[in-house]
Amino acid sequence: MEGARPGGAPPGAGPGSFPALFPPGLHGIYGECRRLYPEQPNPLQVTAILKYWLGGPDPLDYVSMYRNLGNPALNVPEHWHYVSFGLSDLYGDNRVHEFTGTDGPSGFGFELTFRLKRETGESAPPTWPAELMQGLARYVFQSENTFCSGDHVSWHSPLDNSESRIQHMLLTEDPQMQPVQTPFGVVNFLQIVGVCTEELHAAQQWNGQGILELLRTVPVAGGLWLITDMRRGETIFEIDPHLQQERVDKGIETDGSNLSGVSAKCAWDDLSRPPEDDEDSRSICIGTQPRRLSGKDTEQIRETLRRGLEINSKPVLPPINAQRQNGLNYDRAPSRKDSLESESSAAIIPHELIRTRQLESVHLKFNQESGALIPLCLRGRLLHGRHFTYKSITGDTAITFVSTGVEGAFATEEHPYAAHGPWLQILLTEEFVERMLEDLEDLTSPEEFKLPKEYSWPEKKLKVSILPDAVFDNPLH
């Protein structure tokens, strides 16, 4: 990426005018920026030296940086406002995004923004947020996962590579920028909000929107416009200890968790068949080549995660024979384009050749980070009649926990363990969930035990192991 330079409209673009070479998709976005910052027609920009469509590594063509004076009456401080250009379709000629018409989303349907508190005496905006935005954009382009308001991003590192406690992100609608209609579709603006590890965990256990609302009530933690202050040294729960018990814990008890699944280091074994039975054997085993998810299984898991984010939806697993929709259906709310697409889609075996198998005994394997989310899965999801999916980041393995209130699952009370290729479903009764929560209590303090750690319920023929990362990183380990 090139360093900051005066940008905005290309040379020759006066107020309200666009030269012929100005990409048409920029009109609406640039116009929205001009509406907010009429006195800054040519803001500083960080520009990709080699455009993505020419083989460059940075998907964003530009990141514009504006000086925002805030709003003293609302206790909103002065800050730098960053706006990306490139996640939406800027050109409309299929060089980056497939043009699907003007009524749906433009490209991925959104651009990223970020608000960083301006330090005293700071005359120019720091450029590190532009690289942060490029990193998120690379993830979107490579995975084709789109972001939605309320999503969280586990970053596990200070956003500015300092010693800051702000090491993760939530996403929300930008408080000032309105959706715009461009010649190539609609563009929304999603704002990155820097948060501490404790705030990320609260968002996972409850929901991102709830934590965003709490951040808005604490001026030093973001305030109304959710401005990130990299110097913030306290979490909202340290600033106001009552927030954890009175808002988050009660929210989890009342609402459950909106986190319906995660990408994880996980695996499962079918213990009900001997390993030498190759015909219909242990479907997933570390060190063996797993069967691949079919396209329809992938679509069902994708729909499972999407529906889990809908607050008022009835917990239903989509039917396994659901037809895959072409492209991005913007009527879905919120949309996650190909959120769990198989990395080996070309090698997918025909769906009709896979049959659902009932298993007698299973062994679940997780790394420490994924295992720490099991209590959230049980307490925040299954006790509220919902489901939770672990999707392997190292293969096609998927594990979905379902409660008895979830419709459409192929696991049943009579056959609580069922597999469809490498996708395992486990149905747990409320009574068993309560017992598991008691037995797995130490998972909430993983620093207190050593790996590997094993939990077993012999009468249920279920075993759970928490294993070192090396087991998943090196299948032959």
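Structure report, in brief.

Definitions and cut-offs
Residues numbered from 1 in each chain as written. Predicted model: local features only at pLDDT ≥ 70, side-chain atom pairs only at ≥ 80, totals over all residues. Heavy atoms only, no water. Phe/Tyr/Trp six-rings, centres within 6.5 Å; stacked < 30°, edge-to-face > 60°. Helix = DSSP H or I, 4+ residues; strand = E, 2+ residues; numbered from the N terminus. Buried < 20%, exposed > 50% of the residue type's maximum accessible area, 1.4 Å probe, protein only. Lys NZ or Arg CZ within 6 Å of the ring centre and 35° of its normal. Pairing = 2+ DSSP bridges. Axes fitted to C-alpha atoms, helices over the stretch in contact; angles between N-to-C directions. Contact = heavy atoms within 4.5 Å.

Moving on to the packing of aromatic side chains. Summed over the entire model, instances satisfying the criterion amount to 15 aromatic pairs. Measuring from centroid to centroid gives 5.1 Å for F108 and F141, while their planes differ by 75 degrees, and the two rings are edge-to-face. Of the two residues, F108 sits in strand β5 (residues 105-117) while F141 sits in helix α2 (residues 128-143), which places them 33 residues apart along the sequence. For the pair F108 and F141, a shared accessibility class is recorded, and that class is buried. A connected cluster of aromatic rings, assembled from ring pairs, spans F366, F388, Y390 and F401. Between the NZ or CZ atom of K51 and the centre of the ring of Y62, over which it lies, the distance is 4.4 Å.

What follows concerns the sheet that holds strand β17 (residues 423-427). With mixed pairing, the six strands of this open sheet are ordered in space as β10-β14-β15-β17-β16-β12. Across the chains shown, the open sheet's two edge strands, defined by having one partner strand only, are β10 (261-264) and β12 (356-358). Going from strand to strand, the sheet's axes swing by 20 degrees on average, the running direction of each strand aside. Bridge count between β10 and strand β14 (residues 387-392): four bridges; the pairing is parallel.

Burial analysis of helix α1 (residues 26-36) places eight of its eleven residues in the buried class, which makes it a mostly covered element. Tucked inside the fold, the buried residues of α1 contact β3 (62-68), β4 (79-85), β5, β8 (180-182) and β9 (185-195).

Here G86 is to be found in the loop between β4 and β5. Considered as a pair, G86 and L112 are 26 residues apart in the sequence and their alpha carbons are 9.3 Å apart. Look past the residues within four positions of G86 in its chain and what remains in contact with it is P59, L60, D61, H97, E111 and F141.

These values are about where atoms sit, not about what they do.
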